[in-house]
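# Structure assessment
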Amino acid sequence: VLDAGQADAIGFARAFVADAHWVAKAAVDTPERLRPCIGLNQGCRAFAPHLHCAVNPHAGRENDPRFDTGTAHISHPRKVAIIGGGPAGLEAACTAAARGHKVTLYEASGGLGGQFLYPASIPGGGELSRLIDHLRGEAMRLGVSIRLNHRVHGIDDLAGPADVVILATGAQPQPLPAHLDPQTAIGGLDILRDGAPEPPGSGHAL
């Protein structure tokens, strides 16, 4: 656009927080490798103790060696098993594979995304699925072995030996307080998963 004289300047802000290598990736025509900003407006508005990003764990930690994804310091690659194919499991798989480890990711369902798919399914939430698409593509590019419909209850359920097991099966909501009637108080994820029942009693829902 700039070369064609169609604009005098192009400004980005959060796109560079989500992916500091945005320009370099775009310059070599690999748009599928761009880590997307999905507009959550959470971490990128907090600067204590440093900038954060909901989709980029490296943001604000670029000089921290613990977040280095280079492979030079890996002298003994290990076999890593990751249980769970949501954002955390996919991010862990990509990080381990980028460092040179041999990674197998196990997901109990038939697709990747985990609980992240619930908010992505509501009206206006479609933008969220771009993160899962990106992480899936990166995992495949890095050679992660992905096993869908493979539930792991214990070490014997792994397809092969593993030196390291990372459990990334998602957070669990706190149970409803005991004084609430389970017939009238329902968790949000339950409604997203099973649909909203007819409200009992007065017919009103809060």
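Quick look at the structure, then. Residue indices begin from 1 for each chain and proceed along its sequence in written order. With the structure being a predicted model, the display of local features is reserved for residues of pLDDT at least 70 and the display and counting of side-chain atom pairs for 80 or more, all residues being used for whole-chain, interface and lining totals. Hydrogens and water are ignored here; the side-chain numbers use all heavy atoms of the structure.

Where helices and strands are cited, they refer to DSSP runs of H or I of at least four residues and of E of at least two residues respectively, numbered from the N terminus. Tallying secondary structure elements over the protein chain gives six helices and four strands in all. Traced from its N-terminal end to its C-terminal end, the protein chain shows the element sequence α-α-β-α-β-α-α-β-β-α. Expressed along its principal axes, the backbone C-alpha trace of the protein chain runs to roughly 65 × 55 × 35 Å. Think of it in three bands: residues with accessible area under 20% of the maximum for their type are buried, residues over 50% are exposed, and the middle band is partly exposed, with areas taken using a 1.4 Å probe on protein chains only. Going through the 206 residues of the protein chain one by one, you find that 26% of them count as buried. In the protein chain, the proportion of contacts linking residues at least 24 apart, taken out of those at least 6 apart, comes to 58%. Two residues form a contact once any of their heavy atoms are found within 4.5 Å.

This part takes up the packing of aromatic side chains. Ring geometry is summarised as follows: Phe, Tyr and Trp rings, the Trp one being its six-membered ring, pair when their centres sit within 6.5 Å, and such pairs are stacked at plane angles under 30 degrees, edge-to-face over 60 and tilted between the two. According to the stated counting rule, one finds two aromatic pairs in the structure shown. Residues F12 and W22 carry aromatic rings whose centres are separated by 4.6 Å and whose planes lie at 45° to one another, so their mutual orientation is tilted. Of this pair, F12 sits in the segment before α1 (14-18) while W22 sits in helix α2 (residues 22-27), and the two are ten residues apart along the sequence. Classification of W22 by relative accessible area gives partly exposed; the value is 23%. Grouping aromatic residues by their ring pairs yields a cluster made of F12, F16 and W22.

This part takes up the pairing of strand β2 (residues 102-106). Most of β2 is tucked away: four of the five residues are buried. Pairing between strands is defined by DSSP: at least two bridges between them are needed. Relative to β2, strand β1 (residues 79-83) runs parallel, the two sharing five bridges. Its bridge partner being in β2, I82 is matched across the sheet by L105. A clockwise path from the first strand over the helix to the second, with the strands pointing away from the viewer, defines a right-handed crossover. On the question of chirality, the crossover connecting β1 to the parallel β2 by way of helix α3 (residues 87-98) is right-handed. Sheet topology places β2 next to strand β3 (residues 145-147); three bridges connect them, and they run parallel.

Functional significance is not addressed by these values, which are geometric in nature.
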